[in-house]
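Report on the structure
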Amino acid sequence: MANELSEVQRSLIGKQNKKGQTYTDPQHLFFEAPRTAAFFTGSEVIKEAIRRASVDVMVAYPITPQSEAAALIGELYAAGYVADYMRGESEFAVMGQCAGAAFGGARVFTTTAGPGTMRAFENFPMWVGSRLPIQVIVTCRGINSPLSIQPDTLEMYFLLGTGMLVWHAETAQDFYDWILKAYIVAEQPDVHLPIAVCCDGFFVTHTKDTVMLTPPDMCLPPYDPYRSPVPCMDMETPPVRMMRDPFIMKSNYISYMTHASWQEETRGACERSRKHTIPMIGGLIETENVDAEILIVASGTAVSQGREAIRLLEDEGMRVGLVKIKALRPFPYEEIREATKNAKHIFVPEFNVIGWLAQEIKAAIPDNHRVIAGPHVAGGMTMPSEVIVEEIHKALGQHVTTLAGRGS
Amino acid sequence: MSKEKIQICPEFYDIMPPEYRDLVEQATYGKEGRGWKDIGQSKELIEDHSLCAGCPESMAFRYILASLPNPEDTVMVGSTGCTSLVFPHVAVHNIHSLFGNQNAIASGLKRALSVRFPGRIKDVVVLAGDGATVDIGLDMTLQAWFRQEKFTTICFDNELYANTGGQESGLMRKGFVAKMAPMGKTFEKVKLPEIARESGCAYVVNCTVSKPSLVEKVIRNAVLIAREIGPTYLQLYTPCILEIGKNSMEGLQEMRDSEKPGERFQYKEFMTDEAKKFLADMEAQKKQPAALAQA
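Below you will find a few notes about this structure. (Residues numbered from 1 in each chain as written. Chains lettered and ligands numbered in written order. Predicted model: local features only at pLDDT ≥ 70, side-chain atom pairs only at ≥ 80, totals over all residues.)

**Side note on the overall build of chain A**
What counts here: Labels follow the DSSP assignment, with helices taken as runs of H or I lasting at least four residues and strands as runs of E lasting at least two, numbered in each case from the N terminus. Put simply, the radius of gyration uses C-alpha atoms, and a globule should come to 2.2 Å times the residue count raised to 0.38. Throughout, a residue-residue contact means that the two C-beta atoms, derived from backbone geometry, are no farther apart than 7 Å.
Each helix and strand in chain A was counted, giving 15 helices and 16 strands. Taken against the 2.2 N^0.38 rule, which gives 22 Å for 408 residues, the C-alpha radius of gyration of chain A at 22 Å falls within 12% of a compact globule. Considering only C-alpha atoms, chain A reaches an extent of 80 × 55 × 45 Å along its principal axes. Considering only intrachain contacts with a sequence separation of at least 6, the fraction spanning at least 24 residues in chain A is 80%.

See below:
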């Protein structure tokens, strides 16, 4: 069964915490509880989600565009919704402080962006190997050099190899729901991995959107650290002679084998998360009109821009389908192969110069010459839907009307 | 953890290794007044070690583990280096994370344990080498002290990076020749005990591990003060006999030579008034039952 709770967690359902919130079964909370509309920025959405998330420890550090969100969690702490909160001294330190808290059995939350993600980076594979189900929200922004605070998904490319679960929210609604759902999936004993819930900086964090919120007096059941597949470091279980990651200092076959099998296990844990993620967020992808010959496949804000482009093309009488990718890790190989099987032209608009999503898709499907990696924007440039339309026209050898064109 | 949790399942008792049976039956978890004198008469909390024969770190490890006031509720945090080779053999939960981040890990760990076990003893003890403490981890070491995080930081100071072959570290003496300092270190040994005092540590000691009774005393003080008052720091000289060209038998004399009056590891302690009062009160309480008995 997917997304189960432990006996300890189930015994708390219906009980109240010290803020008078009721621990609620996640299935009821996400899919049945009444919702109220609110008009919030993405930063405020993070606050509202964490208010309901029974988080034990949050460590904060300023970096644009997540500073507001990180400070808002401080307000939640002052009001008693988060048990412990502090400002760390650098993202590298913050992610270590998060790790320490998770080792000690706490449900942990943090946020970062761009250069902060890069600063923190050594921690991410360590979190994975240590099986720490920490949630880090990544509000994607440009990476030096040159310096840019603007939206850019370049950092997600680096996250893909860490072994963490990686989800990419398009809208504030995605964001709200997934922040809560992330803990339920990540804390499953057969998963028990850190998760990066990504959104595009400014586009999601700083714009207001209508979000349907669950009741504020309903919260997630708390984390049960004894569901972890490795011992919690709290000296409440007998000390075994190992550390959280098996310490392989010998240069012999057994040590290499142990290291390799530990790595395979964490990769397996990511694969095992599929069966929990799919019912929780409604599939790893969403599709519209994938019988069309032309598809736009995207994640994050590029999906929103893709929707607009599809509307413009519809006005011109062209039928274009859409694939919204929600989870990058685990990567939806089968779903993408199925969704793209009819397409002759697969456009992958991205807010980064590498085109990492197009690379992922090309590696997943047959006849990958069908994939057109673009358009790409970077450094904070927006991606007007007209730019996507122009890319599609150009690729199809069609007449292109732009100011930069040669004229008719 | 209640000592009752350290049990062997009866069905498996006969197939458990003798080391584990010994640990359950003879280890001094939960023993009042446990200390260095238990070594050799009870099961130590360190099984074996793969360090060099005669390594002062290995001596220090034994004294420290024998002297922790409540090992059944102590979690240790280490870092990469020679000490990390010993931790797989240590019978308290311990965490190896990234080089230099030990005080960040310990900060988060202590906070989580305080949230989850309010009012209960859960000691966090950091044990790392000089490279991890003063170079790559300096920012996190100091910031944990600035924030007044309640845990003990122990630095095994062998004045270089021993495990990687003997490179210069911040705690190496000026002029000493080592790898990456082929013409001798160009700047002074970092005054970390003084920096610890200025950074907000409530109790700081700089000494060698030549006397087990002294190690026992400073460990107990450091852990108990960190529990109640604020961060504590112990800089312990554990010379790398390999890198200073000595043999197995000569480590002890090296330490004795370095702690003579005027030498760099002469015993040095700093403590806040609050810590001083705390220790004085503790002494007075210990003497009280004896005084009553005499009366």
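From this point, the discussion proceeds with the structure in view.
**A closer look at the environment of A:Asn17**
Residues and elements named next belong to chain A. As for its position among the elements, Asn 17 is in the loop between helix H1 (7-12) and strand E1 (22-23). With 202 residues separating them along the chain, Asn 17 and Cys 219 place their C-alpha atoms 8.9 Å apart. In this structure, Asn 17 is in contact with Tyr 23 and Cys 219, ignoring residues within four places of it in sequence.

**Quick word on the interface of chain A and chain B**
Worth spelling out the cut-off: Gly counts as polar in this scheme, as do all residues outside two lists: the nonpolar Ala, Val, Leu, Ile, Met, Phe, Trp, Tyr, Cys and Pro, and the charged Asp, Glu, Lys and Arg.
The interface is formed by 35 residues belonging to chain A together with 37 residues belonging to chain B. For the side of chain A that touches chain B, the elements supplying multiple residues, two or more each, are strand E3 (57-60), strand E4 (84-87), helix H5 (91-103) and helix H7 (123-129) of chain A. Among the residues forming the side of chain A that touches chain B, the class breakdown is 19 nonpolar, seven polar and nine charged.

**Notes on the packing of helix H3 (residues 102-116) of chain B against helix H5 (residues 138-146) of chain B**
All names here are of chain B. To be explicit about the condition: A fitted line through C-alpha atoms serves as each axis, taken over the contacting stretch for helices, and the angle formed by two N-to-C directions is quoted from 0 to 180°.
Interaxial distance between H3 and H5 falls to 7 Å at its minimum, and their mutual angle equals 35°. Note on element contacts: H5 touches H3 through Met 140, Thr 141 and Ala 144, opposite Asn 103, Ala 104, Ala 106 and Ser 107. Taken together, the residues of the contact of H3 with H5 break down into four nonpolar, three polar and no charged.

**Some points on the sheet that holds E4(A)**
Residues and elements named next belong to chain A. This is how the line gets drawn: Two strands make a pair as long as DSSP finds a minimum of two bridges between them.
Ordered by their spatial adjacency, seven strands build an open sheet running E4-E3-E5-E6-E8-E7-E14, and the pairing between neighbours is mixed. Either end of the sheet is taken by a strand with one partner, and the two such strands are E4 and strand E14 (327-329). Strand-to-strand twist in this sheet, taken as the mean axis angle between neighbours without regard to direction, amounts to 20°. By the bridge criterion, four bridges tie strand E7 (residues 165-168) to strand E8 (residues 195-200) in an arrangement that is parallel. In the strand pairing of E8, Val 166 is matched with Ala 196. Packing against the sheet, H5 makes contact with E3 and strand E5 (108-112), and its axis sits at approximately 165° to E5.

**Here's the deal with unusual backbone geometry**
For residues that are not glycine, phi is negative in most cases, and the peptide bond is trans in most cases. Residues and elements named next belong to chain A. Here the amide bond leading from Asn 144 into Ser 145 is cis, since omega sits at 0°, within 30 degrees of zero. Along the chain, Ser 145 turns up in the loop between strand E6 (135-140) and helix H8 (154-159). Notably, Ser 54 is not glycine yet its phi reads approximately 50°, a positive angle. The topology assignment puts Ser 54 in the loop between helix H3 (42-51) and E3. The phi dihedral of Phe 202 falls on the positive side, at around 65°, and the residue is not glycine. Structurally, Phe 202 can be placed in the loop between E8 and strand E9 (208-213).

**Description of the pairing of strand E1 (residues 74-78) of chain B**
Residues and elements named next belong to chain B. Rules: Exposure is read from a count of other C-beta atoms within 10 Å of each residue's own; the residue is exposed at 12 or fewer, buried at 20 or more and partly exposed in between. C-beta atoms are placed from the backbone.
Taken across its five residues, E1 has five buried, putting it largely inside the fold. Burial along E1 is two-sided: the face carrying Thr 74, Met 76 and Gly 78 and the face carrying Val 75 and Val 77 are both buried. As paired strands, E1 and strand E3 (residues 123-129) are joined by five bridges and run parallel to one another. Looking across to E3, one finds that Thr 74 is bridged to Asp 123.

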